[in-house]
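# Coordinate inspection notes
Take a look at the letters that make up each chain.
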Amino acid sequence: MSTPLPSHPPPPRAAVLTGVGSCLPPTAVTNDELAERLDSSDAWIRSRTGIRRRYVASPGTATSDLAVGAGAKALKSSGTPDVDAVLLATTTPDRPCPATAPAVAARLGLTGAAAYDVSAVCTGFLYALASGAGLIAAGAADRVLVIGAETFSTLLDPDDRSTAVIFGDGAGAVVLRAGDAAEPGALGPFDLGSDGGREELITVAAGGSRQRLSGVPPATRDQYFAMEGKEVFRHAVRRMSASARSVLGRAGWRAEDVDHLVGHQANLRITHHVADAVGIPRRRCFSNIAEVGNTAAASIPLALDQAHADGVLTPGGRVLLTAFGGGLTWGSTVLTWPGPDRA
Ligand code: UT7
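Residues numbered from 1 in each chain as written. Predicted model: local features only at pLDDT ≥ 70, side-chain atom pairs only at ≥ 80, totals over all residues. Heavy atoms only, no water.

As recorded by an unreviewed UniProt entry, the protein carries the name Beta-ketoacyl-[acyl-carrier-protein] synthase III and is attributed to Streptomyces longispororuber. What UniProt states about the protein under its Subcellular location (unreviewed entry) heading is, verbatim, "Cytoplasm". (UniProt positions renumbered as here; feature names shortened; annotations may be inferred.)

## Section: the sheet that holds strand E13 (residues 329-336)
If you trace the 4 strands from one edge of the open sheet to the other, you get E8-E13-E12-E11, paired in mixed fashion. Unpaired on one side and paired on the other, strand E8 (187-194) and strand E11 (260-263) mark the two borders of the sheet. Between one strand axis and the next, the sheet turns by 15 degrees as a mean value, whatever way the strands run. Bridge count between strand E12 (residues 318-325) and E13: 8 bridges; the pairing is antiparallel. Pairing of Arg-318 across the sheet is with Thr-336, part of E13. Set on the sheet, helix H8 (residues 229-251) makes contact with E8, E12 and E13; between it and E12 the angle comes to about 145 degrees. (Pairing = 2+ DSSP bridges. Helix = DSSP H or I, 4+ residues; strand = E, 2+ residues; numbered from the N terminus. Axes fitted to C-alpha atoms, helices over the stretch in contact; angles between N-to-C directions. Contact = heavy atoms within 4.5 Å.)

## A word on the sheet that holds strand E1 (residues 14-23)
With mixed pairing, the 5 strands of this open sheet are ordered in space as E1-E7-E6-E4-E5. Looking at the sheet topology across the chains shown, the edges are occupied by E1 and strand E5 (114-118). The mean inter-strand angle of the sheet, taken between neighbouring strand axes irrespective of direction, is 20 degrees. Of the strand pairs in this sheet, strand E6 (residues 143-150) and strand E7 (residues 170-179) are connected by 8 bridges, and their pairing is antiparallel. Each residue of the ladder has a partner; that of Arg-143, found in E7, is Arg-177. Each of E1, strand E4 (85-89), E6 and E7 touches helix H3 (residues 63-78); the most contacted strand, E1, lies at about 125 degrees to it. Packed on one face of the sheet, helix H11 (residues 299-309) meets E1, E6 and E7 and runs near 85 degrees to E1.

Printed below as a string of structure tokens:
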């Protein structure tokens, strides 16, 4: 006689945040410095975006260099030198081939770990976090290092004031470990989505298979990042608000339960509109955009590390993460901030 199957399968393993770190290049560029060569001003940039300065990687510094810096700090803060997988969210890999994550893993002493890049522009970190949580839930990994790193300055048209003032370089990282859904630090449900029908709103036209290598260099403008800012603003507010509401519903949280909204740092006005739409007081939004600008896939882990270091995120605080980016893509999740021994 066969043994009867248990009536309730064991609950899936949860991914628990257990370390956080970040890395910025040493050079900060102020609004006034940009305004010297662009038809712009500190007053315009601050009032329309909330940005005061951003960090820019010097020639010779690649995305992997920042990723290694953030990853090493996150591993140290988690108290473990070892993980089973390294996921790198980036729009600016070191080169088109191979992926940047294996080199980052090797430089962190993690040769042998699974390592791959995740490409979802400014939503990349949320997508990578969901992917890491999925590896843990599936039993494919017990510990995962999730990094968001960008050298977005390498894509910017220095003469395009509508993008050159917004983006900055940097990296942030978290470590996830297998645990229980009821533990502090456990990632809640995810809401992820995309709308490729509007891909033209955020693009770099050249460098891929659509414009093949032909021996003739692509037009310079096609190699630069291009964005329809006004339209993207509207989508960002709409998509992040809907995604945040959806994930709160799935988690069984009300808007008033959220202690900290840590959203993608695209524009302070976008963050405030999202908070208003979801019903979260603006004072509960954490923002570091004034100091680092929009760092795309790095923005959420950079913000988490700074909020943790500043003592804003304290054990037990309920945190909502939400992001929006090119693709179009969006995603959200929630977690309760872990204890001091864990982050
Ligand atoms: O990371 C995820 C994706 N990115 C985003 O979510 C960013 C979304 N978009 C935005 O944050 C905003 O749309 C921008 C910051 C890009 C632009 O702000 P805006 O308030 O939407 O400005 P606008 O594009 O409507 O432009 C208003 C005016 C225009 O001049 P006219 O046509 O009214 O004479 C622009 O040419 O401001 C002008 N302008 C500038 N002026 C000074 C645009 N950029 C600048 C600038 N300095 N840097």
